[in-house]
Amino acid sequence: MSKPSLTYLPHCLLPVLLLAAFSYWNGLRTVDSTLSSEAQTHLNALAGEVDRRLQNEETELNKVTSMDGLGKFITDNSSETADPAAIAPASGPLPTLMALLRGEGKFERVALFDQKRTELLQVERERSSQAAETFVVKRKGMSIFSPVGLTTNSESVGLKDSTLQYSIPIVDRTSGAERGVLVAELNLNETISDAASTLSSNDSSQSSSTFVAAVDPSGHFIFDSTRKLQGSLVSSSLPAFQAIATELTDNKSEVKRFQLSSGQDYVTAFAPLPHWKIGLAVGHDRSALAASAHRYGIAGLVLALFAGFIAAQALNYATRKKSTGIERVEEGLTAMAKGDLDRRIELRSSDDVRIIADNINALAEQMRAQIAREEEARQFQTFVRLSAMLTHDLKNAIEALSLIVGNMERHFDNEQFRKDALRSLTSATDKLKGIVARLTRPLSSLSGEHPRPKSVDLVPLFRKVLSLTAEPLREKHQIEVNLPDHLLVYTDPDRIEKVLENLIINALEAMADRNGKLTITAGFTDRGAATFSISDTGPGMSPEFIEQKLFRPFSTTKRQGVGLGLYTCREVIQASAGSITPESVEGAGTTFRVVLPSASHDSQF
């Protein structure tokens, strides 16, 4: 290469190499961001499914302990009996205990203990080589690995290896006296395996490149998707996973990467389930996507080098020919290096460097198209969710204004009403302005659609929403509010405010044709989670509507509505690792109960 070409080479290479390097880096960043989001979504779904199944098993056990005559049965049979059949006739608890083992749950054995904690009866599930299930009735042999459950008068949960043990006291329904204890051992490995396979069958994006694991507080694997590590110590069987297991033991949740010696590199989201004494992790292998990003990145660098050398040669040739085209090429490349990818190098068809300019224009266009495609793919999915949220924000704001205007004619002479109405109108107007601002700035709205959750006190939000929606209707409806001083949750404050507003407006609209009562209650569950309920005395909903249409988009019982409110509420609550449960009786009213992670609890993770 001639000396003049070497002079131009840095000017030609630097811009295109910077663009290629930026595209390379952005491709790898997109891979990690996408996999992190998918891993967190799948972890939330798995944790919710496992928690739901284990709570269902606990509910089934509580039903057994509340069975009529169980306490009397234990009292009557507390003495030693040689034949188990003699203390477990068909009319006794034995059929019920067998039914527990035949159910969809993963109970391995169930036992009854009397008030002195002497084992009376044990039913154990056994599987033959033909996968048939048989049941063995014993008097001894229950593997009580946690004595706490037999010394306390309250429910307890213990964990050893992959076995979860429930201990539930049996109380006489008439006298209230404690008669004994029901102990059940559940195969946690099978439960997590079923939950993981159910989610995998419902989500086609999960494949063999997904790693799912559950660990106990001692650092042993309870479950892993390879089916090879169950019961083994993490530090010895999978050292690369040790850092994640340690953080789970410390009740921490995060997204991290770990790499196996085989080359698999997992982007892993993990979180503990403290009540069940386990930690869950879901990882997605980034190797294939990262390799693809590396290939495209290296190809872009090679193309940039080639384009730079060609441009340098063209500049040298143009200089020798004293062509003015080289100046335009240099200006265009300089503009592109500064980020102006829309800049085109326009030359006359007779110019000596016209071909070089066209190649550089084509390269810039390809880079613009690639960046635009990536940006559009990220924004489109978010825009769909944003549209639904904005539609309901606008609808709820208009309904709040309608409530104020509807009461003006009757109460306008009331000075306090005018002050309250002015404040409410100002707040509703600000909300409408915010909605319009989000519509007029779609890029900034989309980029902020999923802010990081933070600690939020729901009590001030409840009072704010009630002042806009329910207070103007106090003369028509009875409003009862029972709120604690503080109710801290871990979520997005703007989105959870929309949930409160939508649920309260739904309750008021349900009572639009009659005088009714709106009841709002908040507090904490037995496990320390935050909870609140919103009840109305409207017409209620049929079981068929609740089961088939309630949370589906575009399904509504209102004459004026698009059916996105409850769907959006459920999406927001589930994104915050919470749950929403409806209870409705036709002709009597409806209650929606919401449970969210307590900020005071989650802040320690």
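Because the structure is predicted, anything quoted here is derived from the model rather than measured.

Another aspect to go through is the side chain of D457. Residue position: D457 is located in strand 12 (residues 454-457). Buried charge D457 goes without a salt bridge, the closest partner of opposite sign being R463 at 8.6 Å. At 2.8 Å, the side chain of D457 and the side chain of H486 are in polar contact. Among the polar contacts made by the side chain of D457, one reaches the main-chain amide nitrogen of L487 at a distance of 3.0 Å. Those residues in contact with D457 that lie beyond four places of it in its chain are D485, H486, L487 and L488.

Right, let's talk about helix 15 (residues 493-510) for a bit. For helix 15, spanning 18 residues, the distance from its first C-alpha to its last is 26 Å, which sits close to the expected 26 Å at 1.5 Å a residue. Most of helix 15 is tucked away: 14 of the 18 residues are buried.

Here strand 7 (residues 210-215) pairs with strand 8 (residues 221-224) via three bridges, running antiparallel. Bridge pairing links A214 to F223 in strand 8. Hairpin connection, strand 7 to strand 8: the antiparallel pair is bridged by five residues, and G219 has positive phi, about 85°.

Glancing now at the sheet that holds strand 15 (residues 517-524). Ordered in space as 13-15-16-18-17, the five strands form an open sheet in which the pairing is mixed. Here the strands that pair on one side only, and so sit at the sheet edges, are strand 13 (478-482) and strand 17 (579-585). Taking the axes of each pair of neighbouring strands and ignoring which way they run, one obtains an average angle of 10° across the sheet. Across six bridges, the pairing between strand 15 and strand 16 (residues 530-536) is antiparallel. Note that in strand 16 the partner of I520 across the bridge is I534. In the packing of helix 17 (residues 565-575) onto the sheet, the strands contacted are strand 17 and strand 18 (589-596), and the crossing angle to strand 18 comes to about 25°.

Ranked by size, the top nonpolar core spans 46 residues in total, and within it I278 and L280 carry the most contacts. For this core, the element with the highest residue contribution is helix 1 (residues 3-65), accounting for eight residues. Aside from chain neighbours lying at most four places away, what touches I278 is V50, L159, L188, I192, V215, I222, P272 and L273. The next biggest cluster of nonpolar side chains, apart from the first, holds 39 residues, and it includes F462, V465, I496 and L503.

Bringing the packing of helix 14 (residues 458-469) against helix 15 into the picture now. Between helix 14 and helix 15, the shortest axis-to-axis distance is 10 Å and the interhelical angle comes to 45°. It follows from the interaxial angle that helix 14 and helix 15 lie oblique. As for the relative orientation of helix 14 and helix 15, their crossing is right-handed in sense. Facing L458, L461, F462, K464, V465, L466 and T469 of helix 14, the residues of helix 15 in contact are P493, I496, E497, L500, E501, I504, I505 and L508.

What follows covers the packing of aromatic side chains. Inspection of the entire model under this criterion finds 10 aromatic pairs. Their ring planes at 40° and their centres at 6.0 Å tell us that F22 and W25 sit as a pair that is tilted. Highlighted residues: F22 and W25, both in helix 1, separated by three residues, approximately one helical turn. A relative accessible area of 41% places F22 in the partly exposed class. Taken together, the ring pairs in this structure connect F211, F221, F241, F258 and Y266 into an aromatic cluster.

To continue, consider the sheet that holds strand 10 (residues 265-273). Spatially, 8-7-11-10-9 is the arrangement adopted by the five strands of the open sheet, whose pairing is antiparallel. Unpaired on one side and paired on the other, strand 8 and strand 9 (254-259) mark the two borders of the sheet. Taken pair by pair, the neighbouring strands of this sheet meet at an average axis angle of 25°, ignoring direction. Taken together, the eight bridges between strand 10 and strand 11 (residues 278-285) define a ladder with antiparallel strand orientation. Each bridged residue has a counterpart across the sheet, and for T268 the counterpart in strand 11 is G283. Along the sheet, helix 8 (residues 242-249) makes contact with strand 7, strand 9, strand 10 and strand 11, crossing strand 10 at roughly 15°.

Of all residues in the chain, 75% have pLDDT values of 70 or greater, and the mean over the chain is 78. A low-confidence stretch, residues 442-448 stays under pLDDT 50, and its non-local contacts, those more than four residues away or across chains, total seven contacts. Between residues 601-605, whose pLDDT stays under 50, and residues either more than four places distant or in other chains, the model counts nine contacts.

Attention now moves to the pattern of salt bridges. Opposite charge on two side chains allows them to pair when their charged atoms are near. The final tally for this structure, using the stated rule, is 16 salt bridges. Across the pair R52 and E49 runs a salt bridge whose closest N-O atoms are separated by 2.7 Å. Linking R52 with E49, this pair stays in helix 1, spanning three residues, or about one helical turn. You can call R52 partly exposed: its relative accessible area is 40%. In this structure, R570 engages E571 in a salt bridge whose closest nitrogen and oxygen atoms are separated by 3.9 Å. Residue E571 is classed as partly exposed on the basis of its relative accessible area of 34%.

Calculation criteria
Residues numbered from 1 in each chain as written. Predicted model: local features only at pLDDT ≥ 70, side-chain atom pairs only at ≥ 80, totals over all residues. Heavy atoms only, no water. Helix = DSSP H or I, 4+ residues; strand = E, 2+ residues; numbered from the N terminus. Buried < 20%, exposed > 50% of the residue type's maximum accessible area, 1.4 Å probe, protein only. Lys, Arg positive; Asp, Glu negative; His and termini not counted. Salt bridge = Lys/Arg side-chain N within 4 Å of Asp/Glu carboxyl O. Polar contact = N/O pair within 3.5 Å; in protein donor to acceptor, adjacent residues only side chain to side chain. Contact = heavy atoms within 4.5 Å. Expected span 1.5 Å × (residues − 1). Pairing = 2+ DSSP bridges. Axes fitted to C-alpha atoms, helices over the stretch in contact; angles between N-to-C directions. Core = buried A, V, L, I, M, F, W, Y, C linked by side-chain atoms within 4.5 Å. Parallel < 35°, antiparallel > 145°, perpendicular 65-115°, else oblique. Left-handed = near helix turned anticlockwise from the far one by under 90°. Phe/Tyr/Trp six-rings, centres within 6.5 Å; stacked < 30°, edge-to-face > 60°. pLDDT = per-residue confidence, 0-100.

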